[in-house]
Amino acid sequence: PTTSTLRTPRAAVLWLCAPALCASRYDALVEVSGRWTDEFVLRRAPFAPGTRARHNRLGRTSHEHYPGVVLTTHGTTHTRGAALAVHLAWSGGHRCLAQQLPDGRRTLMLGAALRDGVGVQLNAPLRTPTLFVGVAPSGGTNAAAHALHDVARAIVRAPSAAPTVAAGSG
């Protein structure tokens, strides 16, 4: 499990994030958003220099603020191409940052956004929510989704062994 130790007597924590995932292989991200009667809309956005940020400040998850993203390579379809599906197991506010650095490297960070901050004591460990990762080197977004589901099912069957970052491949 990932924990953070703070060096101040008391601090307000606004965001807990698992380590950044290296996403240099992928050139686009597929986000899920929506609204009433138009739920779970897939929106594809290419990586571009700078940071793309998505925030959910509602304190809950829903179809308009899904806590996950799918990274794809050029030409990836539902059944062909490389894809990486990421889901934050967190029923609350969250933040997703996809970055392309000046040297071309790409990263993805997804973590819990705490609404008003959480007060923590000196040297108190903080645990990030579990981040599920499904990898499909060639089977497209469907295979990445299947890999993600396999990881989630394995953890549900053995909850005591749940790691903070869990990965599977399809």
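As shown above, the structure is provided for reference.
What counts, and at which threshold
Residues numbered from 1 in each chain as written. Predicted model: local features only at pLDDT ≥ 70, side-chain atom pairs only at ≥ 80, totals over all residues. Heavy atoms only, no water. Helix = DSSP H or I, 4+ residues; strand = E, 2+ residues; numbered from the N terminus. Contact = heavy atoms within 4.5 Å. Salt bridge = Lys/Arg side-chain N within 4 Å of Asp/Glu carboxyl O. Buried < 20%, exposed > 50% of the residue type's maximum accessible area, 1.4 Å probe, protein only.

A. Looking closely at the side chain of His94. Relative to the assigned elements, His94 resides in strand S9 (residues 94-100). Apart from residues no more than four positions distant in its own chain, His94 is found in contact with Arg54, His55, Asn56, Thr61, His65, Tyr66, Pro67, Leu88, Leu110, Gly111, Ala112 and Ala113.

B. Expanded view of the pattern of salt bridges. Taken as a whole, this structure holds five salt bridges when the rule is applied. Note that Glu31 is salt-bridged to Arg52, the shortest N-O span being 2.8 Å. With Glu31 in strand S4 (residues 28-35) and Arg52 in strand S6 (residues 50-56), this residue pair connects regions lying 21 residues apart in the sequence. The exposure class assigned to Arg52 is partly exposed, which follows from its relative accessible area of 37%. One salt bridge connects Arg105 with Asp103, and the closest N-O pair in it is separated by 2.8 Å. We classify Asp103 as exposed; its relative accessible area is 51%. Linked through salt bridges whose partners overlap, the residues forming this network are Glu31, Arg52 and Arg54.

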